[in-house]
Amino acid sequence: RNSQILRDKPVEVIPNVVDENIFKPFDKKLAKSILNLPQDRFIVTFGCQAGAGNKFKGFDYLRDAFNKTNLRNVQLVIYGSDYNQKTVDELKYPVIFLGPINDEYALSLICNATDLFVSPSLAESFGLTFLENILCNTPVIGFDCSAIPEIVQTGETGYLAKYRDANDLAKGITDMYNQYFQPNWRCNYISQNIVSKHLALIDKYLK
């Protein structure tokens, strides 16, 4: 809408569909128990293909943000990569590595065991991991860039941090830690509503 080329053209925003039969909320204590995660810890999860080694996913900002916070009983969980001693040494909070995850049901289990999902990506074509967590009633934090603001809204689905700002990322983590938060997503991301939007769009432009 703001670009010189497309500002006079119609713009429609329709989210991708995530399988609600797989990514759906269930008891977090049970999910933590199945994954053998500590029940008395606030679980913060970071995950992507290649894990912390994927520079585009912004783990360096997450590390710096975490080290700026002073929180009790926090456990960082990383999936997508195996154990890395350097990562452990650089963080002030304990870390559990879950390794590569190639199964959607296992990923849904992780989303449900998570109290807060943080992915300070420097660029995203959509941000599927954000939506998967939101559908499991897990709040999310991301940077204000590319497609992320379409999914992550402060006070609605989590916290949208200033781009490449570890201080604001730390503020978001602290805010989400200090208050119970359940994402408000049901109207926007139910697959039936998304399909209806596609059909309405097709009908609109074929007439």
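Preceding block: the structure.
Here the structure is a predicted model, which is why all the values come from computation and not from measurement.

Enquirer: Go over the overall build of the protein chain, please, and point to the residues and values.
Expert: In terms of helices and strands, the protein chain carries eight helices and six strands. In the protein chain, the succession of helices and strands from N to C terminus is α-β-α-β-α-β-α-β-α-β-β-α-α-α. A principal-axis box enclosing the C-alpha atoms of the protein chain has dimensions of 60 × 35 × 30 Å. Looking at the protein chain as a whole, 45% of its 207 residues are labelled buried. Accessible area for the protein chain stands at about 11200 Å²; split by element, carbon and sulfur atoms hold 50% of it.

Enquirer: Account for the sheet that holds strand S1 (residues 42–47), with residues named and values stated.
Expert: In space, the six strands of this open sheet follow the order S3-S2-S1-S4-S5-S6, with parallel pairing throughout. Each edge of the open sheet is held by one strand with a lone partner, namely strand S3 (95–99) and strand S6 (158–161). Pairwise comparison of adjacent strand axes, ignoring direction, gives a mean angle of 20° for this sheet. Direction of pairing for strand S2 (residues 74–79) relative to S3: parallel, over a ladder of four bridges. Bridge pairing in S3 links Val 77 to Ile 96. Against the sheet, helix H2 (residues 59–68) engages S1, S2, strand S4 (116–119) and strand S5 (140–143), with an angle of about 170° to S2.

Quick notes on the rules
- Residues numbered from 1 in each chain as written.
- Predicted model: local features only at pLDDT ≥ 70, side-chain atom pairs only at ≥ 80, totals over all residues.
- Heavy atoms only, no water.
- Helix = DSSP H or I, 4+ residues; strand = E, 2+ residues; numbered from the N terminus.
- Buried < 20%, exposed > 50% of the residue type's maximum accessible area, 1.4 Å probe, protein only.
- Areas by Shrake-Rupley, 256 points an atom, 1.4 Å probe, with all protein chains shown as cover.
- Pairing = 2+ DSSP bridges.
- Axes fitted to C-alpha atoms, helices over the stretch in contact; angles between N-to-C directions.
- Contact = heavy atoms within 4.5 Å.

Keep in mind that these numbers describe shape and distance, not what the molecule does.
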